[in-house]
Amino acid sequence: MEVNRPQAAGWSGRERSLPFLKWIAWTAGITAAAPLLGVLLVAFGGSGADWRGAGDYALSSLVLAVSVASVIAPIGTITAWLVVRYRFPGRSVFSWALALPLAVPVFALAHAYADLLDVAGPVRSGLRASFGWSLPFEIRSMPGAVVVLSSAFYPYVFLSMKAAFRQQSGVTLEAAQSLGAGPRLALMRVAWPLAWPALAAGVALGVMETLADYGAVYFLSVQTLTTAVVRAWSVEGSVSAAAQFALPLLALAVSLMWFERLMRAGRRFTASAGWRPMPVLNLSPLQAVLATFFCGLVLSVSLIVPVGWLLIKALGVEPDVGRLLRAGVTSLSLGVSGSFLTVVLAVCLAIGARGRPLLLRLSSVGYAAPGAVIAIGLLAPVSLIWRLGQGEVQIVLSLILLLYAYCARLMGAAVEPIDAGLDRISPSIMQASASLGRDDARTAWSVQLPLARGACLASMLIVFVDIMKELPATLMLRPFNFDTLAVISSHYALDERLGQAAWPSLLILVLSVPAVIWLSSGGASSHLKRRTSS
Amino acid sequence: MRLSDSGAGALSPPLVEVRHVSRRFGSAVAVRDLSLILNEGEITCLLGPSGCGKSTLLRMLAGFESIDDGDILLQGRLVASSNVFVRPERRGIGLVFQDGALFPHMSVLENVAFGLQRFQKARRMERALEALESVGLADRAHAWPHMLSGGEQQRVAVARALAPGPRVVLLDEPFSGLDGAMKSEVRDIVMMGLRRSGAAVLLVTHDPVEALLVADCLALMSDGALLQAASPEICFRRPVSPVAARLLGEANIIPARVDLGVAHTAIGDFPANPAVSGEGHLIFRPEEVDVSPVQMPDFLPATLISRRFLGAFVELRLQVRSVEITARVRSDTVPDDGPIFVRINRETSWAA
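Residues numbered from 1 in each chain as written. Chains lettered and ligands numbered in written order. Predicted model: local features only at pLDDT ≥ 70, side-chain atom pairs only at ≥ 80, totals over all residues. Heavy atoms only, no water.

1. Remarks on the overall build of chain B
Broken down by element type, chain B carries 8 helices and 20 strands. Principal axes of the C-alpha set define a box for chain B whose edges measure 75 × 45 × 40 Å. Within chain B, the fraction of its 352 residues that count as buried is 55%. Across chain B, the fraction of contacts at a sequence separation of at least 24, relative to all contacts at a separation of at least 6, is 63%. Surface summary for chain B: the accessible area is close to 14,900 Å², and the carbon and sulfur share equals 51%. Here chain B carries 37 positive and 41 negative side-chain charges, and the mean point of each set is 5 Å from the other. (Helix = DSSP H or I, 4+ residues; strand = E, 2+ residues; numbered from the N terminus. Buried < 20%, exposed > 50% of the residue type's maximum accessible area, 1.4 Å probe, protein only. Contact = heavy atoms within 4.5 Å. Areas by Shrake-Rupley, 256 points an atom, 1.4 Å probe, with all protein chains shown as cover. Lys, Arg positive; Asp, Glu negative; His and termini not counted. Charge placed at Lys NZ, Arg CZ, Asp CG, Glu CD.)

Now the structure itself:
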């Protein structure tokens, strides 16, 4: 009834969930969270790490995260606002192309920019030769890392803000304007506060990815907590030290998630009955050119220039086709099986955990934790397997563990869209199913799952793209000589063979681009809309 | 339907028996100590303003809300109490929602066949078609929900609820999303289908006209409590309280002192509920005031305060002695000016 009811839609009362779904959800949730529990066990069980330098690592992680956040927030917001609200040349292309950097592995951007802006690189030599001017900017530095990571991660803000602005009703803005607010005031007072939760979500994702990055910062010689985790394990051979370096990262990850939830709490605005899209406005010719220029600049810096340079470098060398193909097949099969596995678990989790947000949060912590940290949590079982020898059984087992690591790392990303998709199913539909004699499990199978199909596909694609780009967990957990595209790209790059490194990076791009385009052009949401609108 | 206390002596157990049920949400009481009986083949309308707890009651019957105190019995079997809870899918109650709640990924026929799992496929489709026929939509069996109008969706929702042959059907404001002419057409079709099913029907509504129109029994609810449960006629003519009276439309409510079945008021004496004594109210509808331009026996002089033209009727606000009353009369019975005399119909006025 209309009195305030603590359990919102009323379907998910505590006495109403069959043990079956609940158990499945708990199993999936604990599965996803187990590697992180492993990290805690190892960290508190092992001997003390060498904490010298830990403060510096933490500081540079923090500086990096804050700088990236303050770059991607305005860039993502402005580009999203431009493509949703205004008509200018190239708008329809920009509205999906601005998300494309998501298909580029961030280490590939680092490779490209490091080479382009190297002392002997084309930009510097060109400037020196033409103007006798030396560029006062060192790419292998903190500012360089900020530029590279921001280029890679602003699309999280862009996509999230674009969706938020699209959902806003033109009626709301008109109401603001009828009350005397000019376009700028309407933006500041209405559109902006309404989109605030989306901004928090997008920035949080970008910052999580920043903290999790290993390949790019390592290549750019910036020492962060994540590189410290990998180094403690690979150089010093101490799993417990690695786990201890992972602790502040985990704490940061959890507080980021908490922050993001806090921003969103109680801010789920629903469109009112009179919803109508925001009108698209015309710009003056000068403004339109400026808008095109700005979006073009962002796209050039984040995609066209680095990918173009990689292409040039790649075409300059003879690729090792055999190795590339093997790695490509490996990446593809890991991506497909990993995303399938993750989404199956995510579906169990999302359906079984309806009305139990804690379980969802718990299983999503992995997404805020770097792949290196997840890997640390799984090193104990992995090293056990390796100690048994290098037979086929061991390889299969360690591949299963690798898939498991992807799963644990990306569960949060997978659960989110599915949960949102399930949210869109009105409670009365579920109640109708129950009143017609179907219990929770059969309702899940015959009603929830078919209605959330689009969301499941979206989540599968997100996970697929992330697995294609994943580096640190793969590096740490893979069986000997088991190369993915990301691994060989990183190896080539560390050998200063950029042309060879570019080939696998470009291959990752090619394999991920269709998924990113589908996701950014709203494939999932339009699918859902068609199905549920009536 | 009767209050459960008075129905305790019935021969066969009623289909639904709600006994002293309460439900609280935090400190807010949604339903308090409510008792109600639903009988086979009877249509009961639960009428009350938004927020009065009527939907909560329906959800408790259906099994989507637990109860804090009291019992709910279905065909004599306890399905809900403070420590018993039978899950909704085991209650076999048909349910129709305000928004229809059709499954958007299934055709109309699949929707209606959804609750017929226990039948063989051929029999299932046959029964689903029969149910669709009963709401006049057999020809839309293969359409998708989004291709139907709002009224058609609601008819499918009713067919879906009726298809498994439930003994009890609950409807939560099923017509409130429809407008004008379509509303009454859909309502007629749906109510006919419900009557034919012989189920005990509980229809929740906040529209008094609808409630009076379709109910065999009317249950008036306010602020979580059941005020009155009786035939529409009784509820309308013999309201138990001013609040109950207002739920069914506008009413004049005048303070009265009630004594031995007589209500003494500033405008005369009237018959009263013999159970009431002491301070009470005289209640009568604006239609039950006779107005005349000339003095006649039993008529009292009145002063016109204001006048509203409603087409066929005029609504007059009148001062009669020390009280103000509203009268609704045919436009042509009152001249624009001149003296006015009024008489309150003693048969239809009632003190409570």
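So much for the structure itself; the text now carries on.
2. Brief notes about a nonpolar patch on the surface
All names here are of chain A. Taken together, the side chains of W23, W26, I30 and L362 make up a nonpolar region of the molecular surface, amounting to roughly 420 Å² of accessible area. Of the residues forming the nonpolar patch, the biggest block, 3 residues, is contributed by helix α1 (residues 19-45). By the element assignment, W23 lies in helix α1. Given the relative accessible area of 58%, W23 is considered exposed. (Patch = residues over 30% accessible without salt bridge, like charges linked within 9 Å, V, L, I, M, F, W, Y side chains within 5 Å. Salt bridge = Lys/Arg side-chain N within 4 Å of Asp/Glu carboxyl O.)

3. Quick notes on the pairing of strand β5 (residues 77-80) of chain B
Residue and element names in this part refer to chain B. Bridge count between strand β4 (residues 69-74) and β5: 3 bridges; the pairing is antiparallel. Note that in β5 the partner of I72 across the bridge is A80. Once β4 ends, the chain turns through 2 residues before running back antiparallel as β5, passing Q75 with a positive phi of about 45°. (Pairing = 2+ DSSP bridges.)

4. Details of the nonpolar core
If you look at the biggest cluster of nonpolar residues, it comprises 217 residues, and the most contacted ones within it are F88 and L98 of chain A together with L170 of chain B. Considering every element that reaches this core, the biggest residue donor is helix α16 (residues 392-423) of chain A, with 14 residues. With sequence-adjacent residues up to four places away left out, L170 of chain B is seen in contact with L58, L61, A62, I93, G94, L95, V96 and L202 of chain B. (Core = buried A, V, L, I, M, F, W, Y, C linked by side-chain atoms within 4.5 Å.)

5. What to know about the layout of surface pockets
All names here are of chain A. In this structure, the second largest pocket spans a volume of roughly 520 Å³. W81, L82, Y86, R184 and L187 are, among the 21 residues lining the second largest pocket, the residues nearest its centre. Every element with two or more residues in the lining of the second largest pocket is listed here: α2 (54-85), α7 (170-178), α8 (183-212) and α12 (285-315). Sort the elements by how many residues they give to the lining of the second largest pocket and α2 lands first, with 7 residues. (1 Å grid on protein atoms, 1.4 Å probe; cavity = no way out; pocket = protein on both sides within 12 Å on 5 of 7 lines; lining within 4 Å. Points joined across faces, edges and corners; volume = space filled by probe spheres on them.)

6. Description of the packing of aromatic side chains
Applying the stated criterion across every chain yields a total of 6 aromatic pairs over all chains. Taken together, a centroid distance of 5.2 Å and an interplanar angle of 15° make the contact between Y214 of chain A and Y218 of chain A stacked. The exposure class of Y218 of chain A is partly exposed, given its relative accessible area of 39%. Sitting over the face of the ring of Y492 of chain A, R323 of chain A holds its NZ or CZ atom 5.1 Å from the ring centroid. We note R91 of chain B situated over the ring of F85 of chain B; from NZ or CZ to the ring centre the distance is 5.2 Å. (Phe/Tyr/Trp six-rings, centres within 6.5 Å; stacked < 30°, edge-to-face > 60°. Lys NZ or Arg CZ within 6 Å of the ring centre and 35° of its normal.)

7. Focus: the sheet that holds strand β10 (residues 225-230) of chain B
All names here are of chain B. Reading across the sheet, the 6 strands line up as β6-β7-β8-β3-β9-β10 and stay open at both edges, with mixed pairing between neighbours. The sheet is open, and its two edges are formed by β6 (93-96) and β10, each paired on a single side. For this sheet the average axis-to-axis angle between neighbouring strands, irrespective of direction, equals 20°. Inspection of the sheet shows strand β3 (residues 43-47) paired to strand β8 (residues 200-205) by 5 bridges, in the parallel sense. Across the sheet, the residue bridging to T44 is L202, located in β8. (Axes fitted to C-alpha atoms, helices over the stretch in contact; angles between N-to-C directions.)

8. Here's the deal with the domain arrangement of chain B
Domain annotation of chain B identifies domain 1 (16-237) and domain 2 (250-351). In this structure, domain 1 of chain B and domain 2 of chain B have C-alpha centres spaced 39 Å apart. (Domains from an automatic or database assignment.)

9. Some details on empty space enclosed by the protein
All names here are of chain A. Considering all chains together, one arrives at 4 cavities of 30 Å³ or more under this definition. Of the voids in this model, the largest cavity is the one considered here, and its volume is about 290 Å³. As for the largest cavity, its lining consists of 22 residues, and the residues nearest its centre are V106, E209, R409, K469 and E470. Looking at which element gives the most residues to the lining of the largest cavity, the answer is helix α6 (residues 142-167), with 3 residues. Its residues assigned to classes, the lining of the largest cavity comprises 14 nonpolar, 2 polar and 6 charged. When residues of the lining of the largest cavity are assigned to domains, at least three fall in each of domain 1 (17-38 + 318-534) and domain 2 (47-315). (Nonpolar A, V, L, I, M, F, W, Y, C, P; charged D, E, K, R; others polar.)

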